[in-house]
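The chain contents come next:
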Amino acid sequence: MPTSWTDLLDPSIEQLREQLPVEVHVTAIEQLTAPARHGDEPRPKMVSQGNYVFGVLLVMRVDRERDLVYHQEIDLVLTRDRVVTVRKTPERGQAFDIAALIDVCRRDGHPPGQIAYLLVDEVAEAYLDLVDDLQDEIDELEDQVEDATNEQVRNRISDLRHDLLRVRKTLAPTRDAVRQVVDNRVELDGGGELFPRDVELHFGDALDKLLRAADALETSRDLLSGVRDYHQAKVANDQNEVMKVLTVIASALLLPTFIVGLYGQNFRHIPELGWAQGYGFSWLLIVLSTAAQLAWFRHKRWI
């Protein structure tokens, strides 16, 4: 018998109860009807509940135009001949699009276990794309370090660091949920395999993609740490340049200040005070001593 697949977008509890193939646990009902959340997302999972399998999958997307990372949630209920998926529209983004996948599965008559694999594979591909997008964001930030203000760079590093942390917090449980299927720990009661051996092998391919995404995520964290270190080094170098300029100015003013202080002493017998060219001589002494200092600084490559 061909598999019946029902896809619901932001359903009410009445719509959901009409389409569910079995009576599901109250906690599953609460999860299926809960609105999409951004700061307190559910934990991805794939668990057996006796006569059905309940799954929660989270896909993360990057909106580069708005510098925004948001979650797309898709829940599923699987029986031996029915699939019900519930997609939720995030507050600041679009719902996960599976229209093409539904058409393919209905045309080819895939069983529920194969449909679940195809959904998980879509999620795994999305994570690979997500990490690539985040690495592009990090590369773009590195190119902007020289031109952007320190505050802009700090804020962007902070935003990307939080995005990477959120990706890690959803990628790890997604990987664990898929591993449950690969290890043959998600099955229905009463005999009959929902995930036969060939489907489990396909889930292994999806798990490999999630592992690659996790490795790439760690690389992204290292890249972001490199950008942060580069920015801190640039800030320190800029401060050193400012201190160098101030030091040169202070050093250049040191001898003139000494000369002025020397001739400003209230003594009556200072030879130059009675000299007609004394004023010009003091200026000449100031100019020559300052020029000599600047020439010495340039010779030592300090300026």
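Because the structure is a prediction, the values reported are computed rather than measured. (Residues numbered from 1 in each chain as written. Predicted model: local features only at pLDDT ≥ 70, side-chain atom pairs only at ≥ 80, totals over all residues. Heavy atoms only, no water.)

Trainee: Outline the environment of Gln114, listing residues and values.
Mentor: Considering the arrangement of structural elements, one finds Gln114 in helix α4 (residues 112-144). You can call Gln114 buried: its relative accessible area is 14%. Spatially, the C-alpha atom of Gln114 lies 7.6 Å from that of Phe195, the residues being 81 residues apart in sequence. (Helix = DSSP H or I, 4+ residues; strand = E, 2+ residues; numbered from the N terminus. Buried < 20%, exposed > 50% of the residue type's maximum accessible area, 1.4 Å probe, protein only.)

Trainee: How would you sum up the nonpolar core? Please name residues and give values.
Mentor: One finds Trp5, Tyr127, Phe195 and Phe203 to be the most contacted residues of the largest nonpolar core, which totals 59 residues. Those elements that provide at least two residues to this core are β3 (53-63), β4 (68-78), α3 (99-108), α4, α5 (150-182) and α6 (197-263). The element contributing the most residues to this core is α4, with 16 residues. Membership of the second largest hydrophobic core comes to 14 residues, among which are Leu8, Leu16, Leu20 and Ala28. (Core = buried A, V, L, I, M, F, W, Y, C linked by side-chain atoms within 4.5 Å.)

Trainee: A description of the pairing of β3 should follow, citing residues and the corresponding values.
Mentor: With ten of eleven residues buried, β3 is to be regarded as a mostly interior element. Across four bridges, the pairing between strand β2 (residues 45-48) and β3 is antiparallel. Pairing of Ser48 across the sheet is with Val53, part of β3. Between the antiparallel neighbours β2 and β3 lie four residues, among them Gly50 with a positive phi of about 90°. (Pairing = 2+ DSSP bridges.)

Trainee: Kindly report on the packing of aromatic side chains, identifying the contributing residues and their values.
Mentor: Within the structure shown, the criterion is met by two aromatic pairs. Clustering of aromatic rings is evident, with ring pairs tying together Tyr117, Phe195 and Phe203. (Phe/Tyr/Trp six-rings, centres within 6.5 Å; stacked < 30°, edge-to-face > 60°.)

Trainee: Summarise the side chain of Asp75; cite the residues concerned and give the values.
Mentor: Along the chain, Asp75 turns up in strand β4. Classification of Asp75 as buried rests on a relative accessible area of 0%. Within polar-contact distance, the side chain of Asp75 engages the side chain of Lys88 at 3.4 Å. (Polar contact = N/O pair within 3.5 Å; in protein donor to acceptor, adjacent residues only side chain to side chain.)

Trainee: Kindly report on α6, identifying the contributing residues and their values.
Mentor: Over its 67 residues, α6 runs 99 Å from end to end, which matches the ideal 99 Å to within 8%, given 1.5 Å per residue. Within α6, the axis deviates most sharply at Leu254, by approximately 30°, and proline Pro256 lies no more than four positions further along. (Expected span 1.5 Å × (residues − 1). Bend = angle between axes of the 7 residues up to and from the residue.)

Trainee: Please set out a negative patch on the surface residue by residue, giving values where relevant.
Mentor: A cluster of acidic residues, Asp129, Asp132, Asp136, Asp139, Glu142 and Asp143, forms a negative patch on the protein surface. As for its position among the elements, Asp132 is in helix α4. Given a relative accessible area of 42%, Asp132 falls into the partly exposed group. (Patch = residues over 30% accessible without salt bridge, like charges linked within 9 Å, V, L, I, M, F, W, Y side chains within 5 Å. Areas by Shrake-Rupley, 256 points an atom, 1.4 Å probe, with all protein chains shown as cover. Salt bridge = Lys/Arg side-chain N within 4 Å of Asp/Glu carboxyl O. Lys, Arg positive; Asp, Glu negative; His and termini not counted. Charge placed at Lys NZ, Arg CZ, Asp CG, Glu CD.)

Trainee: Go over α5, please, and point to the residues and values.
Mentor: Compared with the 48 Å implied by 1.5 Å per residue over 33 residues, the 47 Å span of α5 between its first and last C-alpha is a close match. Downstream of α5 by one or two residues, Asn184 has phi in the positive range, about 60°.

Trainee: Could you give me a rundown of the sheet that holds strand β5 (residues 82-88), with the residues and numbers involved?
Mentor: In space, the five strands of this open sheet follow the order β1-β5-β4-β3-β2, with mixed pairing throughout. The strands lining the two open edges of the sheet, one partner per strand, are β1 (4-9) and β2. Each strand of the sheet is rotated relative to its neighbour by a mean of 15°, with strand direction disregarded. Where β3 meets β4, eleven bridges bridge the pair, whose relative direction is antiparallel. Looking across to β4, one finds that Leu57 is bridged to Ile74. On the sheet, α5 packs against β2, β3 and β4 and is oriented at approximately 20° with respect to β4. (Axes fitted to C-alpha atoms, helices over the stretch in contact; angles between N-to-C directions. Contact = heavy atoms within 4.5 Å.)

Trainee: So, a nonpolar patch on the surface: which residues are in play, and what are the values?
Mentor: Side chains of Val242, Met243, Val245, Leu246, Ile249 and Leu253 sit close together on the surface and give an oily, nonpolar patch of about 560 Å² of accessible area. The topology assignment puts Leu253 in helix α6.

Trainee: Please set out the pattern of salt bridges residue by residue, giving values where relevant.
Mentor: Opposite charge on two side chains permits pairing when their charged atoms draw close. Here the structure, examined in full by the defined rule, presents 17 salt bridges. One salt bridge in this structure joins Lys209 and Glu125, with 2.6 Å as the shortest N-O distance. Highlighted residues: Lys209 in helix α6 and Glu125 in helix α4, separated in sequence by 84 residues. Look at Glu125 and you get partly exposed, because its relative accessible area is 32%. Arg228 serves as the salt-bridge partner of Asp229, at 3.6 Å between the closest nitrogen and oxygen. A relative accessible area of 35% means that Arg228 is categorised as partly exposed. A cluster of three or more residues bridged by salt bridges with shared partners is formed by Glu73, Asp75 and Lys88.

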